[in-house]
Amino acid sequence: MRIKLEKRENITRTLSITVTLFSVLAAMTFIGLIFQVIGINPVLAYIMIFYGSLGDIYGLSETIVKTIPILLCSTGLAVAFRAAMFNIGAEGQLLMGAIASTYIALYVIPNSQSIIIIPLMFIMGFTAGALWALIPAILKTKLSVNEVITTLMMNYIAEQLTMYLTTGPWRGVELWGFPYTENIPAQAYLPCISGTRIHYPTLIIGLCAAALIYVFTSRSKIGYEIRVVGGSREAARYAGISYVRVALITMTISGGLAGVAGVGEVAGIHHRLSPFKISSGYGYTAIIAAWLGKLNPIVALVASFFIGTLLVGGDILQVKLNLPYATVNIFNGVILLFIIGGELLLRYRVKVIM
Amino acid sequence: MIGDVESLLNAALRVSTPLLFATLGEIYTEKSGVINLGLEGIMAMGALTAFSITLLTGNIIFGVIAATIIGGIMGFIHAFMSIALRANQIVSGLAITMLGLGISELIGRIHYTGVPLPQRLPIIPIPYLSNILIFGPLLFNHDPLTYLSLILAFAMWFILFKTKAGIIIRAVGENPFAADTIGINVYIVRYLCTVIGGMLTGLGGAYLSVVYRPAFQPGMTAGLGWIAVALTIFALWSPLRAIFGAALFGGLRALEFRLQPLGIPPNIVATLPYLFTIIVLTIGTRGIVRRIVEAPSSLGVPYVRGEK
Amino acid sequence: MGNNVLVRMHNITKKFPGVLANDRVNFELKAGEIHALVGENGAGKTTLMNILYGIYQPDDGEIYIRGRRAVIKSPKEAIKLGIGMVHQHFTLISTLTVAENIILGETSTRLIAPIRDVENRIRRISESYGLKVNPKARIWELSVGERQKVEIIKTLYREAEILILDEPTSVLTPIETVELFRVLRRMAGEGRGIVFITHKLDEVLAIGNRATILRRGRVVGTVDVGKTCREELAEMMIGRKVIANKYSKKSIVGSTILKIEDLCVNDDKGLEAVKNISLQISGGEILGIAGIAGNGQRELAEAIAGLRRVKHGRIVLDGEEITNVDVKKVIEKGVAYIPEDRISMGIVSDLNIAENIILRKYRYKPYSNNLFLNFKFINSFSAELIDKFNIIASSINTPVKLLSGGNIQKLILARELSGNPKLIIAVNPTAGLDIVATDYVRRKLIEMRNNGKAILLVSEDLEEIVSLSDRIVVMYGGRITGILKPEDVSVEKIGLLMTGGRSEN
């Protein structure tokens, strides 16, 4: 018996969706098996996850809360990946946005009105994230330095920076043994939908960004340039498209949106800066959402929501079944593996020859 | 003062051991044309496995071997995704990192955080040599695994550049089509190298939890796996240069807390290895552009026979 | 030359998606003979030999080596049977040394190799056959001709009795070709059998004992070289009487479209590749640049197209200076560029046909308005071009990577030629294309010429240059060594110019 791989001639959208769904289902089945092995009833676990995240208003709102930063980051990543800029640094860019907004709220204009503080926080958050992404971007475009590693290293540096600030110059109160900054002033709090933690300004920014970027990548000149650069740098040169310009723009957007996500987490949820609670790996999770969404911002939006449900599910597992939050990482890893494995089915027809 | 420097250099060499193991492994993997970004996750799993098996069996050696095997299995998964399934190698590596970090944290947090390890690896001073002034205690007063890493570096260098096996590996990474035409099985060579890379990384992780600390803590790899990837490029894919690079980074790591009394916050020093990696990568890449070096041309590209 | 049959291929059939590469082919090789396998690009010669060498498996038919049936599943098995092959694209690892490359294919050497022994044996072989090569040299240091010598030494090292050479002279100077023939005759004299794949009839007559002609995957016939002549071979190869002047050219008097003065351009390594070149092309003229690859032609073409910086000198297009102007401007001013690297530069393989058609002009009206692309126009224009240029595809949304080489080139032509360019630069436009596509491309270029366009044609295919050009410029070492009219071309003269001799002009 031999297995022969024949390259597919045409990949229809239906096939693409089917294979992706199948991959996700297969991944979840596999994880179900892992649950079984460590003594947890998988069916029970999944019911808990989905009921908890979608079954009631509270769960749904929490899911949306978790979706917001993933949505923002994955939209930005979809753009960057399209241009073949593998930005693994959304995590650090998010932290830099958080730092920037904390700085504004606590030390720059703590006594101003909401109408000034909030937009300023968003602007500075975007800028901080964008700049953090631009450093590896410049190294890549001018010096050909691999951006996967540099963006990653910037994550660790941002993490250390956050720890330094919260334990050092910005040290505020200590709660349950963990260092935090002071609370940001009430005027800097983002408004939420009543009864929930959904900080809707960030949500609106995220949805608008996804829509805008979708339109721009598929229909505009710059979107076309991004796709050409991502497809072939040589062809881009031949077409007179500036690789540098495209790379810098995509990284700016990518880093900026991640920075905005950071602002949302600080000003909308925690209301203070702390190294441990701000980002629980949203930057990395967003990579999966973007990949799952096939680098299409609208599909990535759906994927982000799906992952949001898994994250809330992870919280529930932690509370009800005493599993550490790290389980989410396992989910992410397995899903990603199954998706890229499934991509094989997408690109090739598998023939079994007896 | 000399004692301080000595203890610093000593610590540097010890931290560099896990780095060196992982880097040596990744050098072989990349030389054959596969890029494995899953090192961080594999190292974490290696740390967990070594710790738990050592605790279980009471014997460090079993723990270390188990970690090596687990590393090999994870390397195999990456090889399977990259070679058989022709997946995007960067994404596959990331997935394995997440998986490895997740599983090790899951099991580690529940069972092993805060648990002490009664077993220890002995420090074996080499007779006569370890008494040489200054360098003696520095180079010849270590545990067996550190010695192993140095011996391996030399052995792997020799194999890679002076034997037929090494020629085959380099050929596969440089021009898989040509290698295939000559009759070399490109796929098997790549599988082997990726698995070896995983094994050595697992071994590096074992060192962390069983010798360096020794303890298990989620997140204890702290980016070492990623630094190993950078080191592979910095060392220009040569096992001997990897020794130098690993020692350099080990030194930076060791500096972290020693500078605190001087008023330099440890967090800032902690950024140094990562900062340095970026700098080193920048310099290394520029050098590459200028000369014909050992960067494997087919790195990251799946090989398919007969496909244009 | 005895009656000893080394290889017999019987009824070999091989199919690829969309093309029948070998159709019931019968082929035979005797000991001590040089057997030429002749045919045009795409006739199936390389495929047949790749089957013999184990790279492909035949769909039907059998192979007999020295009278015994052999199923050759991989190159390794072919090597064991004593078959050696020198491919068109060398299978050498450039970062390794000569000796290391030869060790690679050795099944006998243990894993720890005594390199010195290998080096010595290489030296003996190279001295014995007059193939001078330093076993310690790294491949990237060697010239193309020297690399081919290494390939041949590889086969001699393994004591191959059956040697296959795929278009070996395409990368050699005329002098190196003579040397190669000497070595081959010597090897045949020792009783080896040699298959010599070529589409150059002069070579068949010069060195072959027998010749088998393939056309469109089928054997047209096997002849004794001594008993045939050039015209007969050509007729068998092409299938119709060869007309010397295949393309009808109008006589056109056009103004000077392109003028280059004293141009100096560097290559990727920073060395001077184009040294003080001056030339001009008028409208309605095809200027052919002949020369062996690597003598500055590519850098010259890229510089004119705006893709490479000019160090010194001027480029003037229709009276306007475009030296070192951004490539966007050059496109705007009416320069079309058909690149040599079709796949990596000429198209973006993941995008579809429509998206590739707009590659160079997307920023202008009516392809786009302000920020957004005008899909209505783009789609209708693409559909129009697919029709006009006869591109075979199911729709304008088909991803380009699924198209055949010929269709991709047609796409590039459609894009570049439809914008009413003043100057068309084409580099190796028919490389790797089958006969039909090659003919199409050449006819299109003539059509453009007849419409008053200026065309700069860079090609390694001498026959192409001679049949298309109005004037021929020969380049060697970055300089022009001679300017000829196609009628005045002879193999000796052009060979001399291509290798550095100067013409009497």
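Everything numeric here is computed off the predicted structure, so don't read it as measured data. (Residues numbered from 1 in each chain as written. Chains lettered and ligands numbered in written order. Predicted model: local features only at pLDDT ≥ 70, side-chain atom pairs only at ≥ 80, totals over all residues.)

**As for the overall build of chain C**
From N to C terminus, chain C includes 17 helices and 22 strands. The C-alpha radius of gyration computed for chain C amounts to 25 Å, which stays within 12% of the reference 23 Å derived for 505 residues, consistent with globular compactness. The C-alpha extent of chain C, read off along each of the three principal axes, is 70 × 50 × 50 Å. Pairs at least 24 residues apart make up 66% of the contacts formed inside chain C by residues separated by at least 6 positions. (Helix = DSSP H or I, 4+ residues; strand = E, 2+ residues; numbered from the N terminus. Rg over C-alpha atoms; globule rule 2.2 N^0.38 Å. Contact = placed C-beta atoms within 7 Å.)

**Things to note about the interface of chain C and chain B**
With 20 residues of chain C at the interface, the matching set in chain B holds 15 residues. When residues of the side of chain C that touches chain B are traced back to their parent elements, those giving at least two are helix H2 (75–80) and helix H3 (98–104) of chain C. In terms of residue class, the side of chain C that touches chain B is built from 12 nonpolar, six polar and two charged. (Nonpolar A, V, L, I, M, F, W, Y, C, P; charged D, E, K, R; others polar.)

**Observations regarding the packing of helix H12 (residues 297–321) of chain A against helix H13 (residues 327–347) of chain A**
Residue and element names in this part refer to chain A. Two elements in contact, H12 and H13, have axes separated by 9 Å at closest approach and are oriented at 145 degrees. Taken as a pair, H12 and H13 cross one another with a handedness that is right-handed. In this structure, H12 contributes Leu310, Leu311, Gly314 and Leu317 to the contact, and H13 contributes Thr327, Val328 and Phe331. Among the residues forming the contact of H12 with H13, the class breakdown is five nonpolar, two polar and no charged. (Axes fitted to C-alpha atoms, helices over the stretch in contact; angles between N-to-C directions. Left-handed = near helix turned anticlockwise from the far one by under 90°.)

**A few points about the interface of chain B and chain A**
On the side of chain A, 35 residues touch chain B, which itself brings 40 residues to the contact. Put simply, the parts of the chain that give the side of chain B that touches chain A at least two residues each are helix H4 (89–111), helix H10 (224–234) and helix H12 (266–290) of chain B. Here the side of chain B that touches chain A takes 15 residues from H4(B), the largest share from any one element. Class assignment of the residues belonging to the side of chain B that touches chain A gives a composition of 27 nonpolar, nine polar and four charged.

**Here's the deal with the confidence of the model for chain C**
Residues and elements named next belong to chain C. Of all residues in chain C, 93% attain a pLDDT of 70 or more, and the chain-wide mean is 86. Per-residue pLDDT stays below 50 along residues 241–245; that stretch engages in three contacts with residues further than four places along the chain or on separate chains. Scored by ipTM, the complex comes to 0.83, with pTM at 0.80. (pLDDT = per-residue confidence, 0-100.)

**Let's talk about the nonpolar core**
Across soluble globular proteins, nonpolar side chains show a tendency to be buried alongside one another. Counting residues in each nonpolar core, the largest one holds 361 residues, and the members touching the most others are A:Cys73, A:Leu336, C:Leu52, C:Ile425, C:Leu456 and C:Leu457. The element contributing the most residues to this core is helix H9 (residues 186–212) of chain B, with 15 residues. Taken domain by domain, the makeup of this core includes at least three residues from each of domain 1 (5–238) and domain 2 (256–347 + 407–498) of chain C. Not counting residues up to four positions away in its chain, the partners in contact with A:Leu336 are A:Ile288, A:Trp291, B:Val91, B:Leu94, B:Ala95 and B:Met98. (Core = buried A, V, L, I, M, F, W, Y, C linked by C-beta atoms within 7 Å. Buried ≥ 20, exposed ≤ 12 C-beta atoms within 10 Å, placed from the backbone. Domains from an automatic or database assignment.)

**Structural notes on the sheet that holds strand S16 (residues 335–338) of chain C**
Residue and element names in this part refer to chain C. With respect to topology, six strands assemble into an open sheet ordered S16-S19-S20-S13-S21-S22, the strand pairing being mixed. Pairing within the sheet leaves two strands with one partner each, and these edge strands are S16 and strand S22 (479–484). For this sheet the average axis-to-axis angle between neighbouring strands, irrespective of direction, equals 20 degrees. In terms of strand pairing, strand S13 (residues 285–290) meets strand S20 (residues 454–458) through five bridges, oriented parallel. If you follow glutamate 285 over to S20, its bridge partner there is alanine 454. Running over the sheet, helix H14 (residues 405–417) touches S16 and strand S19 (423–427) and is turned about 170 degrees from S16. (Pairing = 2+ DSSP bridges.)

**Here we look at the pairing of strand S12 (residues 272–282) of chain C**
All names here are of chain C. Bridging between strand S11 (residues 256–266) and S12 involves seven bridges; their strand directions are antiparallel. Within the sheet, the bridge partner assigned to asparagine 266 lies in S12 and is glutamate 272. Adjacent in sequence and paired antiparallel, S11 and S12 are bridged by five residues, among which glycine 270 carries a positive phi angle near 90 degrees.

**Observations concerning the pairing of strand S3 (residues 34–38) of chain C**
In summary, the side chains of a regular strand alternate between the two faces of the sheet. All names here are of chain C. Extensive coverage of S3 is indicated by the burial of five of its five residues. Here S3 shows a buried face lined by Ile34, Ala36 and Val38 and a second buried face lined by His35 and Leu37. For S3 and strand S8 (residues 193–198), the ladder comprises five bridges, and the chain directions are parallel. Looking at the pairing, alanine 36 lines up with phenylalanine 196 of S8.

**Here's the deal with unusual backbone geometry**
Here C:Lys365 and C:Pro366 are connected by a cis peptide whose omega angle stands at -5 degrees. Mapped onto the secondary structure, C:Pro366 falls in the loop between helix H12 (353–357) and strand S17 (368–369). Unusually for a residue other than glycine, A:Ala84 sits at a positive phi of about 60 degrees. Take A:Ala84: it is sitting in the loop between helix H3 (57–82) and helix H4 (90–108). A count of 17 C-beta atoms within 10 Å places A:Ala84 in the partly exposed class. Residue C:Asn390 is not a glycine yet carries a positive backbone phi of 60 degrees. Here C:Asn390 shows up in the loop between helix H13 (375–388) and H14.

**Side note on the domain arrangement of chain C**
Its domain assignment divides chain C into domain 1 (5–238) and domain 2 (256–347 + 407–498). Here the C-alpha centroids of domain 1 of chain C and domain 2 of chain C sit 33 Å apart.

**Focus on helix H7 (residues 164–174) of chain B**
Counting buried residues along H7(B), 10 of its 11 residues qualify, which places the element largely inside the surrounding structure. Along H7(B), the positions that sit buried rather than exposed are B:Lys164, B:Gly166, B:Ile167, B:Ile168, B:Ile169, B:Arg170, B:Ala171, B:Val172, B:Gly173 and B:Glu174.

**Considerations on helix H7 (residues 200–219) of chain A**
Residue and element names in this part refer to chain A. Between the first and last C-alpha of H7 there are 28 Å, a value that for 20 residues agrees with the 28 Å anticipated at 1.5 Å per step. For H7, the set of buried residues is Thr202, Leu203, Ile205, Gly206, Ala209, Ala210, Ile213 and Thr217. Down the axis of H7, the smallest arc covering the buried residues is 155 degrees, so these residues share one side. Structural note: H7 exposes Ile204, Cys208 and Leu212 on the side pointing more than 90 degrees away from its buried face. For H7, the elements touching its buried residues are H3, helix H8 (221–231), helix H10 (243–270) and H12. (Expected span 1.5 Å × (residues − 1). Arc of directions from axis to C-beta.)

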